[in-house]
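In case you want the letters, here they are:
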Amino acid sequence: MNKLSEANCPVCGAKIKIPTDVELNEILNCAECEAKVEVIEIGKRVKLEEVKIEEDWGE
Amino acid sequence: MINITLLHTGIRGDEKLLIKAAKFQKVKLEILDLRKLILNPSKPKAFENIDVVLDRCVSNFKGMQAIRFFEEINISVINRFSVASLCENKFATTARLIAKKIPIINAVLVFGEKEAKEAVKVLGGYPVVIKSTHGSWGRLMAKVSDEESLEAIIEHKLILGSPQHHAFYMQKFIEKPGRDIRAFVIDDKTICAIYRSSPHWITNTARGGKATNCRVTKELADLCRKTSKAMGGGVLAMDVFETEEGLKINEVNHTIEFKNSEQPTGVSISGEIIKYCQKVALKK
């Protein structure tokens, strides 16, 4: 199990759990508001940005 | 050392598994965010260290541009543009597989309401399924049970939709046994498969379908091998329906998602993809 840290959801402000093996540009889900957020900076703090699902997303 | 470049527009759980698999196999995997690149055909040397590009773009449109670019500057891409362009277009998939006499759910393409009503008769009557030729994750699909619904759906698409939504891919509706099959096919071989079960007629795991292991039978492996060859090979995921006439292909996907399938199948799909990338790179 990965050790988790937290960052605030840029949409609703709730805490989002960040896994220790987090990758730059990783897409995470906010459990509170269900927004998709992207990790845009990893450093002392993890910075998140909301991402909108576009029509051409998928397989 | 081989340089595999994972091209993305956002890292999902699938890409994290690929990164871990490359580390495990001690393969160099470069992570490249397509959104940050300038694709300049006049400067191909900017990418000369790449042996093979693994397209993992969740944005299909951006990914297709990149595949085209990298192939034009003589860098191998998984999957090739010819394969991806068939897979991304449901009607192109249908036309190719019917031409190759591979069992597939019957479908037609029309552009207007009158023709759509005629198409229902061609498909054997209601219910039918209307989809966009492009799209994924079970979105913008409608099961149409009567003519009034058909008229309403087409009116909405014609008025509200972009030109892409003014082409109606119409499929015969298939009663499924509460599930369909998702087969993972690499280099024409079915490495594993899952059942996607749901009480809803849309069984995509992106829409809540539950994944359990599906044994790869000879019938499934044969169908998937023939389908893979017909589409041009590579790394593919095939949606297969169990029908009264046997197994039939529904769709073929070219930027496959598998994060929910490694655990139930016990197969490292990510590991197999990385191995295939090495094989393609060494063929250069």
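Residues numbered from 1 in each chain as written. Chains lettered and ligands numbered in written order. Predicted model: local features only at pLDDT ≥ 70, side-chain atom pairs only at ≥ 80, totals over all residues. Heavy atoms only, no water.

### Observations concerning the confidence of the model for chain B
Per-chain confidence: chain B averages 96 in pLDDT, with 100% of residues scoring 70 or above. Interface predicted TM-score (ipTM) for the complex: 0.88; the corresponding pTM is 0.94. (pLDDT = per-residue confidence, 0-100.)

### Thoughts on the interface of chain B and chain A
The interface is formed by 28 residues belonging to chain B together with 16 residues belonging to chain A. Summed over both partners, the interface of chain B with chain A buries about 1700 Å², with 41% contributed by carbon and sulfur atoms. At the boundary of chain B with chain A, the tally comes to five salt bridges. A salt bridge links Glu59(A) to Arg182(B), with the shortest nitrogen-to-oxygen separation between them at 2.9 Å. Where chain B meets chain A, there are 19 residue pairs in polar contact (both at pLDDT 80 or more). (Contact = heavy atoms within 4.5 Å. Buried area = accessible area lost by both parts, 1.4 Å probe. Salt bridge = Lys/Arg side-chain N within 4 Å of Asp/Glu carboxyl O. Polar contact = N/O pair within 3.5 Å; in protein donor to acceptor, adjacent residues only side chain to side chain.)

### Observations regarding the sheet that holds strand S5 (residues 107-110) of chain B
Residue and element names in this part refer to chain B. Spatial strand order, S5-S8-S6-S7: four strands in an open sheet with antiparallel pairing. Here the strands that pair on one side only, and so sit at the sheet edges, are S5 and strand S7 (142-144). Taken pair by pair, the neighbouring strands of this sheet meet at an average axis angle of 30°, ignoring direction. In the sheet, S5 pairs with strand S8 (residues 168-172) via four bridges, with the strands oriented antiparallel. Paired with leucine 109 across the bridge in S8 is tyrosine 169. Contacting S5, strand S6 (128-131) and S8, helix H5 (residues 113-122) crosses the sheet at an angle of about 170° to S5. (Pairing = 2+ DSSP bridges. Helix = DSSP H or I, 4+ residues; strand = E, 2+ residues; numbered from the N terminus. Axes fitted to C-alpha atoms, helices over the stretch in contact; angles between N-to-C directions.)

### A closer look at the packing of aromatic side chains
Residue and element names in this part refer to chain B. Within the structure shown, the criterion is met by five aromatic pairs over all chains. With a centroid separation of 5.6 Å and 75° between ring planes, the pair formed by phenylalanine 47 and phenylalanine 69 is classed as edge-to-face. Note that phenylalanine 47 is positioned in the loop between strand S2 (28-33) and strand S3 (52-55) and phenylalanine 69 in helix H2 (residues 60-72), a separation of 22 residues in sequence. Side by side, phenylalanine 47 and phenylalanine 69 carry an identical accessibility label, which is buried. (Phe/Tyr/Trp six-rings, centres within 6.5 Å; stacked < 30°, edge-to-face > 60°. Buried < 20%, exposed > 50% of the residue type's maximum accessible area, 1.4 Å probe, protein only.)

### What to know about the sheet that holds strand S4 (residues 76-78) of chain B
All names here are of chain B. Strands sit in the order S2-S1-S3-S4 across an open sheet of four strands; the sheet is parallel. Every other strand in the sheet has two partners, leaving S2 and S4 as the edge strands with one partner each. The sheet shows a mean angle of 25° between the axes of neighbouring strands, direction not considered. Here helix H1 (residues 13-24) sits on the sheet in contact with strand S1 (3-8), S2 and S3, set at roughly 150° to S2.

### Examining the packing of H1(B) against helix H9 (residues 269-282) of chain B
Residues and elements named next belong to chain B. In the contact formed by H1 and H9, the axes pass within 8 Å of each other and the chain directions differ by 65°. Judged by the sense of rotation from one axis to the other, the crossing of H1 with H9 is right-handed. On the side of H1, the interface is formed by Leu17, Leu18, Ala21 and Ala22, while H9 contributes Ser270, Gly271, Ile273 and Ile274. Looking at side-chain class alone, the contact of H1 with H9 contains six nonpolar, two polar and no charged residues. (Left-handed = near helix turned anticlockwise from the far one by under 90°. Nonpolar A, V, L, I, M, F, W, Y, C, P; charged D, E, K, R; others polar.)

### Here we look at the pattern of salt bridges
All names here are of chain B. As enumerated under the stated definition, the model contains 27 salt bridges over all chains in all. Among the ionic pairs, arginine 196 bridges to aspartate 180, the shortest N-O distance being 2.9 Å. Pair noted here: arginine 196 is in strand S10 (residues 189-197) and aspartate 180 is in strand S9 (residues 179-186), with a separation of 16 residues, a long-range link. Aspartate 180 shares its class with arginine 196; the two are buried.

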